[in-house]
Amino acid sequence: MARLFVFAIGGTGSRVLKSLTMLLASGVKPNSATEFEIVPIIIDPHKSNEDLKRTARMLENYQAIAERAGADSGFFGTRITTLDKLVTSQNRLSGSFTFNLQQVANTQFKDYIDFAQLSEPNRALADILFSGKSINKRDEEVNLLDVEMDIGFVGNPNIGSVVLNQFKDSEEFKEVASNFNADDRIFIISSIFGGTGAAGFPTILKNIRDAMNNRNIDGKGFLQNAKIGAISVLPYFNIEKDPNSPIQKSDFIAKTKAALYYYKDNVTGNNSVNALYYINDDYSGKPYKNDAGNEGQKNDAHFIEMVSALAVIDFLEMPDRDLESAGGKAVKPIYKEFGMKNDSPDFKFSDFEDNTEYKISLRLSQLALFKKFLDERLNESIEKQAWSNDAPTIDRAFLSDSFYRTNLSEFMTAFGNWLKEMSSNRRGFTPFNLNSTIDSLVVDKTVKSGWFEKKVDYAYFDDGLSKQSKGKTFPSAEQKIVKLFFDTTEEILTEKFGFKK
């Protein structure tokens, strides 16, 4: 199976990766003859970042669900794995989804570069290159050289570019290179208006394209000419004003322009990337808390992050002939933006262009309907309905197993929170009436009604599950609950709500 190595850089990288995982969990798949296994690698020095921790935990649950439910169960049908599962050498990797940045924890930048050991002329140069002020994790103003990097690069890509250059000598990069095959691809997710993402994208891209010059790695040929896609997320959210914070909304545009000028020569100007996606939103909505990193940076999910995740799906749909590389350069670089059919402060499925609406609306609605049943009906139906009692049984003991109690329940809670956060954000994404009855769950969709049409309620749902279960064989209760609900929700939504398969 071909693999897509996804490098998710910084807080925005984690949040876009979270949205991608939600889409894949719902059953969204690229329209491609090639099936890809996803290998996410989160790169962020800020290990206490709540966005990173939430995404990593969600990926762990997804992986556990997919392994026990199987690849043909509809939901969770795309394989997601950690890099260590691919390793064929004796190197020991962490087994997590995060890249292990060395010498960052509790380290000031000046110590990272051995400032005290530099010659006097080089110290003077470092003083010039890294002049300015920032804050530390105790909210104290410090010189840039005194920044403690374990809360990230606090909007300073000049620091980030130095620290992230260790990527080329890392065990993770060596394993990506040695396990990278001709059919594999790479996708890089980053923001352009902060520190970690703005620095990380060109740094990682350069190390991949310069693989032939790196004596420490094998498999250089395939990696150097890899098919590489990337999304550069431009400013898209508002933050609270805080005169004492190093992060100011007014700086976003200036930093974006500076980064774009750099990318012009070092990313797009030298054809380093095969497909580059741009996205932004100038809608000034609900402000996020101005947190430079010391309080954990837990931001609500945003609509822009979900459509950014669609860039990954689009990249996997592109044929190989459009993504040729030679000599470490893209032969015909492609540049894309994202547009909506309608402008609105709160988007619904009908506001997307037809192709995008078709791609995501049914699958996300299925997962929302699955969650609604688990939350509101499962306890009443279990061990009473035929679908529950058919072998393999889904009974009280099943609900106590870690698969349901931990992996599936935690993931579905995260999915619900993701939807709620997007719906309350601005711009918002509100395709569902989450607190409604089943028949009015999907906004802008009217259930078929009439004298001879059955009411769509939980009794109807149970009947549908029992019909789908009857006479079928499932290898395990885990596969049964995932596959059964996928097939049943698809039938309900296509036959009663008018969705198209």
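Residues numbered from 1 in each chain as written. Predicted model: local features only at pLDDT ≥ 70, side-chain atom pairs only at ≥ 80, totals over all residues. Heavy atoms only, no water.

Participant: I tried to follow the overall build of the protein chain on my own but got confused; where do I start?
Facilitator: Summing up its helical and strand segments, the protein chain has 17 helices and 14 strands in all. Long-range pairs, those at least 24 residues apart, make up 76% of the contacts in the protein chain with a sequence separation of at least 6. Of the roughly 21,400 Å² that the protein chain leaves accessible, carbon and sulfur atoms contribute 46%. (Helix = DSSP H or I, 4+ residues; strand = E, 2+ residues; numbered from the N terminus. Contact = heavy atoms within 4.5 Å. Areas by Shrake-Rupley, 256 points an atom, 1.4 Å probe, with all protein chains shown as cover.)

Participant: I'm lost on the packing of aromatic side chains in this one. Help?
Facilitator: Aromatic ring pairs: the centre-centre distance and the angle between the two ring planes describe each pair. This model, assessed by the stated rule, comprises 27 aromatic pairs. Here Phe 187 and Tyr 277 contribute two aromatic rings whose centre-to-centre distance is 6.1 Å and whose plane-to-plane angle is 45°, an arrangement assigned as tilted. Of the two residues, Phe 187 is situated in strand β5 (residues 185-191) and Tyr 277 in strand β8 (residues 275-279); the sequence distance between them amounts to 90 residues. Ring plane angle 55° and centroid distance 5.9 Å describe the contact between Phe 461 and Phe 485, whose orientation is recorded as tilted. With a gap of 24 residues between them, Phe 461 in helix α16 (residues 458-469) and Phe 485 in helix α17 (residues 477-495) connect regions that are remote in the sequence. (Phe/Tyr/Trp six-rings, centres within 6.5 Å; stacked < 30°, edge-to-face > 60°.)

Participant: Explain α17 here, please?
Facilitator: An α-helix turns once every 3.6 residues. As a result, residues three or four positions apart point the same way. Between its terminal C-alpha atoms α17 stretches 26 Å, which fits the 27 Å expected from 19 residues at 1.5 Å a residue. Most of α17 is tucked away: 16 of the 19 residues are buried. (Expected span 1.5 Å × (residues − 1). Buried < 20%, exposed > 50% of the residue type's maximum accessible area, 1.4 Å probe, protein only.)

Participant: Mind showing me how you'd approach the side chain of Asn 179 here?
Facilitator: Note that Asn 179 resides in the loop between α6 (171-178) and β5. One polar contact links the side chain of Asn 179 to the main-chain carbonyl oxygen of Glu 175, over a distance of 2.8 Å. Within the local environment of Asn 179, its side chain forms a polar contact with the side chain of Ser 178, the two groups lying 3.3 Å apart. (Polar contact = N/O pair within 3.5 Å; in protein donor to acceptor, adjacent residues only side chain to side chain.)

Participant: Would you mind showing me how to read unusual backbone geometry here?
Facilitator: With the exception of glycine, most residues fall at negative phi, and the peptide bonds are largely trans. The omega torsion of the bond from Ala 391 to Pro 392 falls at -10°, within 30 degrees of zero and hence cis. Mapping Pro 392 onto the fold places it in the loop between α13 (386-389) and α14 (396-400). Here the amide bond leading from Arg 426 into Arg 427 is cis, since omega sits at 5°, within 30 degrees of zero. Topologically, Arg 427 is positioned in the loop between α15 (402-424) and β14 (428-429). One non-glycine residue, Asn 271, adopts positive backbone phi at about 55°. Tracing the backbone through its elements, the reader meets Asn 271 in the loop between α9 (249-266) and β8. Given a relative accessible area of 26%, Asn 271 falls into the partly exposed group. In this model, Asp 444 sits at a positive phi of 70°, which is unusual for a non-glycine residue. Of note, Asp 444 is situated in the loop between β14 and α16.

Participant: Would you take a moment to explain the pattern of salt bridges for this structure?
Facilitator: Tallying each qualifying case throughout the model produces 31 salt bridges. The salt bridge involving Lys 174 is made with Glu 171; its shortest N-O contact spans 3.6 Å. With Lys 174 and Glu 171 both in helix α6, this residue pair falls 3 residues apart, about one helical turn. The network of salt bridges with common partners includes Arg 15, Asp 51, Arg 54, Glu 305 and Glu 421. (Salt bridge = Lys/Arg side-chain N within 4 Å of Asp/Glu carboxyl O.)

Participant: I'm lost on the side chain of Gln 63 in this one. Help?
Facilitator: Looking at the secondary structure, you find Gln 63 in helix α2 (residues 50-69). Look past the residues within four positions of Gln 63 in its chain and what remains in contact with it is Ile 80, Thr 81, Thr 82, Lys 85 and Phe 97.

Participant: Would you mind showing me how to read the pairing of strand β2 (residues 36-43) here?
Facilitator: On a regular strand, one side chain projects to one face of the sheet and the next to the other, so that they alternate. Where burial is concerned, most of β2 is hidden: 8 out of the 8 residues are buried. The pairing of strand β1 (residues 2-9) with β2 spans 8 bridges and is parallel. When the bridges of β2 are listed, Phe 7 appears paired with Ile 41. (Pairing = 2+ DSSP bridges.)

Participant: Quick question: what am I supposed to make of the packing of helix α10 (residues 303-317) against helix α11 (residues 354-376) here?
Facilitator: Each packed pair of helices is defined by two parameters, the angle between the axes and the distance between the axes. Orientation of α10 relative to α11, taken along the N-to-C sense of each, is 115°, at an axis distance of 12 Å. With respect to α11, the element α10 is oriented roughly perpendicular. The way α10 lies across α11 gives a crossing that is right-handed. Contacts between α10 and α11 involve Met 306, Leu 310, Ile 313 and Glu 317 from the former and Thr 356, Lys 359, Ile 360 and Leu 364 from the latter. Residues belonging to the contact of α10 with α11 are distributed by class as follows: 5 nonpolar, 1 polar and 2 charged. (Axes fitted to C-alpha atoms, helices over the stretch in contact; angles between N-to-C directions. Parallel < 35°, antiparallel > 145°, perpendicular 65-115°, else oblique. Left-handed = near helix turned anticlockwise from the far one by under 90°. Nonpolar A, V, L, I, M, F, W, Y, C, P; charged D, E, K, R; others polar.)

Participant: In this structure, what is going on with the nonpolar core? I would like to understand it.
Facilitator: A general tendency of soluble globular proteins is for nonpolar side chains to be buried together. With 135 residues, the main nonpolar core has Phe 7, Phe 76, Ile 186, Ile 188, Leu 223 and Met 306 as its most contacted residues. Sort the elements by how many residues they give to this core and α10 lands first, with 11 residues. (Core = buried A, V, L, I, M, F, W, Y, C linked by side-chain atoms within 4.5 Å.)

Participant: Whenever I open this one, the pairing of β1 confuses me. Can you help?
Facilitator: For β1, a buried count of 8 out of 8 residues is recorded, marking the element as mostly surrounded by other parts of the structure. Every second residue of β1 is oriented toward a common face, with Ala 2, Leu 4, Val 6 and Ala 8 on one face and Arg 3, Phe 5, Phe 7 and Ile 9 on the other, all of them buried. The β-α-β motif built from β1, the intervening helix α1 (residues 10-26) and the parallel element β2 has right-handed crossover chirality. Summarising the sheet, β1 and β5 pair through 5 bridges and their orientation is parallel. In the strand pairing of β5, Leu 4 is matched with Arg 185. (Right-handed = clockwise from strand over helix to strand, strands pointing away.)

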